[in-house]
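Spelled out from the first residue to the last, the chains are:
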Amino acid sequence: LRSYSISSAFDFGGNLFPLSQTQAGYAPLGTPSALDRQGVDGSLERNKTLTYLNGLSLIVGLIIGSGIFSSPSQVNANAGSPGASLIVWGIAGLLAWTGAASYAELGGAIPLNGGAQVYLSKIFGELPGFLFTWCAVLVLKPGSAAIIAIIFGEYVVRAFVGADTESVSPWINKAVAFGGLLLVTLFNCISTKIGTRIGDLFMFFKFIALLGVTIIGIVVAITGFSSKGSASEEWKTQGWFQGTNTEISDFAVALYAGLWAFDGWDNVNQLCHRRIQKPQSRFARVIHTAMPLVILSYLLANVSYFLVLPHDVIESSNTIAVQFGAKVFGRVGALILALVVSASCFGSLNATTFTSGRLVYAAGKEGYLPSIFGRIVSSRFLGDDSRFGFTPIYAMALNASMTTIYIIVGEFGTLVTFYGVAGYTFYFVTVLGLIVLRIREPHLERPYRTWITTPIIFCCVSLFLLSRAVIAEPLQTLIVVAFILTGIPVYYWRIFKRDGQVALSGWKFWKWRSR
Ligand code: ARG
């Protein structure tokens, strides 16, 4: 049996920031630091034994956020009928499930922190790993933060103006989105502890929000209630597939919106960083209950929407939960749902900001970005000796700046597709790496081994998705490709700067002073 050794700044231990201030920068996997043992960082406590319920809530909490309360409009508008929409949600869920199982295998086979960056580097070499990081820093992380912030902004505004008032200037939404971003960035700059505490607190709201919509849906379905003019009324006479779109490319756009709600499954490898007994069976149990659970609750939530809301409202509203609350419980219902969903989004925004900070920081430490981003700054606010007062402020600032740009130029629909194209490009290559690794290193120790059909299905479906994006959204795809390609010269520049030498297709170049 073989296993990989550890050698990367991306191997962030359980407690990146406090440690790096005083010690070498990062700790090897096998030697947990004192801080590690204390479990300073709430979200990645490697040495905590993972119970089944811990794992379940970890995965479900990472996935639920803004999507199920905002994506239905885009799914419906592009799928055309409730039946087709539900199928899109199902396919998106299955794709996320196969992806999660694949990432779990990779996480076990290459037991290092850093996710796709590390897997790509180990399997295909440093350039693909770098390109992932490059794209994550410039597109994926700020892009997803911007989407969540925008939905946060829309829901907060709805809490004030109610469900009916149609037109609110998008700039007001964006201003609130920016305010939310500023707040979480500030928290995470002051203290990593505050950041994780907020995360734990707001995790609760996600469950409440989704559970609320789902349970109401079940009640509504059982009692046979369906409101006048709701989509289900319309389709009772016309059939659930009436109006289904025949344009395949539009389905790709619908799928990206659905996939956004399931995104976060790539974090299942966080399971691998916990101490775990009988990993094979426990991983399998956690993943194979968490994913169906999320899929089922999303499907139920959608059925609730269909039973209660008219089709044109579903199609046109990014704040569907507010309209839903208003229809079932009136003004108070709208307010409660607006607040709960805003809180859920705020929690997600906070979590994303926290992990983005780590990623940019690690990229700075590795030499991928200018070293300033790998600097930890003591926040005087809590005093110099505070373990929790050291945060990667420059990394946070870079992330917040990029996010702000996306908030200004983007809106939910375009950003979700943009994010999806960039994200699934790397998900595809990474899962392809799993297949390559199976062939190249069949005897590698794999605590969790998925069926080989799992990554194959994932690769086929995501390849279809990517190929269709070129047709459906050529501009977005072009921008993503341009972003990735600009990473190539940057890679050689950074490696040259870091190592004093670089190899370009057979030719080796050295820095003069390093000879
Ligand atoms: N599925 C989440 C949502 O609906 C998005 C999670 C994004 N975070 C991430 N790490 N990819 O809001």
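Refer to the preceding data block for the structure.
Quick caveat, the model's predicted, so the values are computed rather than measured. (Residues numbered from 1 in each chain as written. Predicted model: local features only at pLDDT ≥ 70, side-chain atom pairs only at ≥ 80, totals over all residues. Heavy atoms only, no water.)

K.L.:
Even after reading the chapter, I still don't get the overall build of the protein, so can you show me in this structure?
P.N.:
Scanning the protein from terminus to terminus reveals 18 helices and 4 strands. Per-residue burial for the protein yields a buried fraction of 59% across its 515 residues. Long-range contacts, defined here as pairs at least 24 residues apart, represent 79% of the contacts in the protein between residues at least 6 apart. As displayed, the protein offers around 20900 Å² of accessible surface, 67% of which is attributable to carbon and sulfur atoms. (Helix = DSSP H or I, 4+ residues; strand = E, 2+ residues; numbered from the N terminus. Buried < 20%, exposed > 50% of the residue type's maximum accessible area, 1.4 Å probe, protein only. Contact = heavy atoms within 4.5 Å. Areas by Shrake-Rupley, 256 points an atom, 1.4 Å probe, with all protein chains shown as cover.)

K.L.:
What should I look at first to understand the packing of helix H7 (residues 126-161) against helix H8 (residues 170-190) in this one?
P.N.:
To characterise two packed helices, one gives the angle between the axes of the helices and the distance between these axes. With their axes 7 Å apart at the nearest point, H7 and H8 run at an angle of 115° to one another. Here H7 runs over H8; the crossing is right-handed. Taking contact as the criterion, the partners of Ala149, Ile150, Phe152, Gly153, Glu154, Val156 and Val157 in H7 are, on H8, Ile172, Asn173, Val176, Ala177 and Gly180. Split by residue class, the contact of H7 with H8 holds 8 nonpolar, 3 polar and 1 charged. (Axes fitted to C-alpha atoms, helices over the stretch in contact; angles between N-to-C directions. Left-handed = near helix turned anticlockwise from the far one by under 90°. Nonpolar A, V, L, I, M, F, W, Y, C, P; charged D, E, K, R; others polar.)

K.L.:
Sorry, what's going on with the layout of surface pockets here?
P.N.:
Sizing a probe to match a water molecule and rolling it over the atoms shows the empty space that remains. Looking at the second largest pocket, its volume works out to about 690 Å³. Around the second largest pocket, the lining is made up of 33 residues, and of these Arg158, Ser316, Ser317, Thr319 and Gln323 lie nearest the centre. At the level of elements, helix H4 (72-79), H7, H8, helix H13 (311-316), helix H14 (320-366) and helix H16 (412-440) are the ones that each hand at least two residues to the lining of the second largest pocket. Considering only residue class, the lining of the second largest pocket consists of 12 nonpolar, 13 polar and 8 charged. (1 Å grid on protein atoms, 1.4 Å probe; cavity = no way out; pocket = protein on both sides within 12 Å on 5 of 7 lines; lining within 4 Å. Points joined across faces, edges and corners; volume = space filled by probe spheres on them.)

K.L.:
Explanation requested: the side chain of Thr450 in the structure shown.
P.N.:
Among the structural elements, Thr450 can be located in the loop between H16 and helix H17 (453-472). Excluding anything up to four places from it in sequence, Thr450 contacts Ala101, Ser102, Glu105, Arg438 and Pro455.

K.L.:
Quick question: what am I supposed to make of the site of the ligand here?
P.N.:
In the region of the ligand, the neighbouring residues are Ile63, Gly65, Ser66, Gly67, Trp260, Ala261, Asp263, Gly264, Asn267 and Tyr419. In the model, a nitrogen atom of the ligand is placed 2.6 Å from a nitrogen or oxygen of the Asp263 side chain. (Near = heavy atom within 4 Å. Polar contact = N/O pair within 3.5 Å; in protein donor to acceptor, adjacent residues only side chain to side chain.)

K.L.:
What should I look at first to understand helix H18 (residues 474-499) in this one?
P.N.:
Note on helix geometry: an α-helix contains 3.6 residues per turn, so any two residues three or four positions apart are oriented the same way. For H18, with 26 residues, the first-to-last C-alpha span of 38 Å sits near the 38 Å given by 1.5 Å per residue. If you look at H18, its biggest bend is around 30°, right at Pro489. Restricting attention to buried positions, one finds in H18 the residues Gln476, Thr477, Val480, Ile484, Gly487, Val490, Tyr491, Arg494 and Ile495. Those residues of H18 that are buried are in contact with H7, H16, H17 and strand S3 (501-504). (Expected span 1.5 Å × (residues − 1). Bend = angle between axes of the 7 residues up to and from the residue.)

K.L.:
Before we go on, may I ask you to explain the pattern of salt bridges in this structure?
P.N.:
Side chains bearing opposite charge may pair, as long as their charged atoms lie close to each other. Applying the stated criterion to the full structure yields 2 salt bridges. In this structure, Arg438 and Glu105 form a salt bridge, with 2.7 Å as the shortest nitrogen-oxygen distance. One end of the pair, Arg438, is in helix H16; the other, Glu105, is in helix H5 (residues 82-109), and 333 residues separate them in sequence. For Glu105, a relative accessible area of 1% corresponds to the buried category. We note a salt bridge from Arg446 to Glu105, for which the minimum N-O separation is 3.1 Å. Of this pair, Arg446 sits in the loop between H16 and H17 while Glu105 sits in helix H5; the two residues are 341 residues apart in sequence, bridging distant segments of the chain. Of the two residues, Arg446 and Glu105, both sit in the buried class. Among the charged side chains, a network of salt bridges with common partners joins Glu105, Arg438 and Arg446. (Salt bridge = Lys/Arg side-chain N within 4 Å of Asp/Glu carboxyl O.)

K.L.:
I tried to follow the environment of Gly258 on my own but got confused; where do I start?
P.N.:
Following the sequence through the fold, Gly258 ends up in helix H11 (residues 248-262). In this structure Gly258 comes out as buried when scored by relative accessible area, which is 0%. Along the primary structure Gly258 and Glu445 are separated by 187 residues, whereas in three dimensions their C-alpha atoms are 34 Å apart. What Gly258 contacts, discounting residues up to four positions off in sequence, is Val75, Trp89 and Ala92.

K.L.:
Is there a simple way to explain the packing of aromatic side chains in this structure?
P.N.:
Given two aromatic rings, one states the distance between the centres and the angle between the planes to describe the pair. Per the stated rule, a full pass over the model turns up 22 aromatic pairs. The interplanar angle of 80° and the centroid separation of 5.8 Å between the aromatic rings of Trp240 and Phe306 together place this pair among those described as edge-to-face. Highlighted residues: Trp240 in the loop between helix H10 (231-238) and H11 and Phe306 in helix H12 (residues 279-308), separated in sequence by 66 residues. Put simply, the rings of Tyr103, Tyr119, Trp265, Tyr424, Tyr427 and Phe458 touch in pairs and so form one group of aromatic residues. The ring of Trp171 carries the charged tip of Lys174 above its face, separated from the ring centre by 5.2 Å. In this arrangement the basic side chain of Arg285 is found over the ring face of Tyr52, its NZ or CZ atom lying 4.3 Å from the centre. (Phe/Tyr/Trp six-rings, centres within 6.5 Å; stacked < 30°, edge-to-face > 60°. Lys NZ or Arg CZ within 6 Å of the ring centre and 35° of its normal.)

K.L.:
For this particular structure, what's the right way to read the packing of H11 against H16?
P.N.:
Relative to each other, H11 and H16 sit at 85°, their axes nearing to 9 Å. The orientation of H11 relative to H16 falls into the category roughly perpendicular. Between H11 and H16, the contacting residues are Val253, Tyr256, Ala257, Leu259 and Trp260 on the first element and Phe412, Val416, Thr417, Tyr419, Gly420, Val421 and Tyr424 on the second. Its residues placed into classes, the contact of H11 with H16 shows 10 nonpolar, 2 polar and no charged. (Parallel < 35°, antiparallel > 145°, perpendicular 65-115°, else oblique.)

K.L.:
Sorry, what's going on with the nonpolar core here?
P.N.:
Where a protein is soluble and globular, its nonpolar side chains tend to be buried together. If you look at the biggest cluster of nonpolar residues, it comprises 146 residues, and the most contacted ones within it are Phe69, Trp265, Tyr298 and Tyr424. In contact with Tyr298, other than residues within four places in its own chain, are Ile63, Ile64, Ile68, Trp89, Leu210, Ala261 and Phe262. (Core = buried A, V, L, I, M, F, W, Y, C linked by side-chain atoms within 4.5 Å.)

K.L.:
Looking at this structure, I do not really get the environment of Val139. What am I missing?
P.N.:
With respect to the helices and strands, Val139 occurs in helix H7. A relative accessible area of 2% places Val139 in the buried class. Residues Val139 and Leu415, 276 residues apart in the sequence, show an inter-C-alpha distance of 10.0 Å. Not counting residues up to four positions away in its chain, the partners in contact with Val139 are Ser144, Tyr406, Phe418, Ala422 and Phe483.

K.L.:
Sorry, what's going on with the environment of Thr355 here?
P.N.:
Structurally, the position occupied by Thr355 is in helix H14. Residue classification places Thr355 among the partly exposed positions, given a relative accessible area of 28%. Along the sequence, Thr355 and Val481 sit 126 residues apart, while their C-alpha atoms lie 24 Å from each other.

K.L.:
What's the story with the side chain of Ser81 in this structure? I'm lost.
P.N.:
Within the fold, Ser81 resides in the loop between H4 and H5. Looking at Ser81, the relative accessible area reads 0%, which means it is buried. A polar atom in the side chain of Ser81 sits 3.4 Å from the backbone oxygen of Trp240. Separated by 2.8 Å, the side chains of Ser81 and Thr244 make a polar contact. With sequence-adjacent residues up to four places away left out, Ser81 is seen in contact with Trp240, Phe241, Gln242, Gly243 and Thr244.

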